[in-house]
Amino acid sequence: MHERKRQLIEAGMKLFAQKGYHATSIQEIASQSDVSKGAFYLHFDSKEDLTLAIYKFYYQQLMQKVEEVRQTDLPPKEKMTRQLEVFITSLMENKEFIIMHLRDNVSLSPQVDDFLLEMKAESFRWTSENLKELFGEAVEPYIVDSSILMEGILDGYAKWLVIDELDVEPQRLASFIQERIVDAVEGILKKEEKPLITLDNVKRHFPSFHQQDPHSRVKEQLTAMRGKIDSLKMAKQKREDLHGVVDVLLNEIKKEQSQPILFQGMLSHFKGIAAFDKECRQIARDLNIELI
């Protein structure tokens, strides 16, 4: 990311946390970043555009770190604990973002609202995948209830960490939370009660998440990957090669009978580049292939 753009994002996040979104002017953000108001508009169209960039900047940084842990071969419980530690550490290092989110948790623009919904859907994917790794098929009927419990525990501690400045070692807290999540879900599975909230409720809440056909989701993931290629630092030839891979796969997915084995081979070009892990894993799930 351009250094000046990063400065504006960090200044905006700090001012929104201190004063609130509506009480902060673009001039104040520019002054805090040591740039002119005109320079602000070289990077952002509006204050709403900056807000969306703040959410994307924080969330993409966090998820990239979490995905790096998810790609390891650690046992499920240890892997979840390590991810929780990353999450908790990120909260403590980015308190301004959390305060900004809690302070101005109102509708700012359709684009921001859409991204917040995307974040919520991605959070559900993350909790679901971890819970399934821990408990297997047995948790699937209770996956929504279990995910809500997991998110609730995390949200509760997040507020204490940020608002009340709770002083807890991230590794110890991550281990404690992981154990409590296991206790809660094991209790649900032991009682074998009827699920309180079913997956159908989530489908209605996130229509694009569940109702979209796999091929459409693959197209979306490939399009997102193509957009990321130019934003990353890499050799010119590598960038051109990755663009070529995405173009081939976009053409392939348009066919009535696409070849999953082609995706399996060509996605290997993205192996080792953490920024593309999420998209590659989603494509692998949709096409029922293993990444190599």
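Residues numbered from 1 in each chain as written. Predicted model: local features only at pLDDT ≥ 70, side-chain atom pairs only at ≥ 80, totals over all residues. Heavy atoms only, no water.

### Details of the packing of helix α4 (residues 47-70) against helix α7 (residues 110-135)
So the rule is basically this: An axis is simply a line fitted to the C-alpha atoms; with a helix, the fit covers only the stretch in contact. Between two such axes, the angle follows the N-to-C directions and lies from 0 to 180 degrees. What counts as a helix is a DSSP run of H or I of at least four residues, what counts as a strand is a run of E of at least two, and both are numbered from the N terminus. Note on angle classes: values under 35 degrees are labelled roughly parallel, values over 145 roughly antiparallel, values of 65 to 115 roughly perpendicular, and the remainder oblique. Two helices crossing with the near one rotated counterclockwise from the far one by less than a right angle form a left-handed crossing, whereas a clockwise rotation gives a right-handed crossing. By definition in these notes, contact holds between two residues if any of their heavy atoms fall within 4.5 Å. Classification used: nonpolar for Ala, Val, Leu, Ile, Met, Phe, Trp, Tyr, Cys and Pro, charged for Asp, Glu, Lys and Arg, polar for all others including Gly.
Where α4 meets α7, the closest approach of the two axes is 10 Å, and the angle between their N-to-C directions is 10°. In terms of their interaxial angle, α4 and α7 are classed as roughly parallel. You can see that α4 and α7 cross each other, and the crossing is left-handed. Note on element contacts: α7 touches α4 through Q111, V112, F115, L116, M119, E122, S123, W126, E129, N130 and E133, opposite E48, T51, L52, Y55, K56, Y59, M63, V66 and R70. Here the contact of α4 with α7 is built from residues that sort into 10 nonpolar, four polar and six charged.

### Digging into α7
Given 3.6 residues to a turn, an α-helix orients residues that are three or four positions apart in the same direction. Our working rule: Between the first and last residue of a helix there are one fewer steps than residues, each counted as 1.5 Å, and that sum is the expected span.
Taking 1.5 Å of rise per residue, 26 residues should cover 38 Å, and α7 covers 37 Å from first to last C-alpha, within 8% of that figure. G136 sits one or two residues past α7 and shows a positive phi near 70°.

### As for the packing of helix α8 (residues 143-162) against helix α9 (residues 170-191)
At a minimum axis distance of 10 Å, the contact between α8 and α9 shows a crossing angle of 150°. When the axis of α8 is compared with that of α9, the two are roughly antiparallel. For the crossing formed where α8 meets α9, the hand is right-handed. Of the residues in α9, those touching α8 at S146, L149, M150, I153, L154, Y157 and L161 are L173, F176, I177, I181, A184, V185 and I188. Of the residues assigned to the contact of α8 with α9, the class counts are 13 nonpolar, one polar and no charged.

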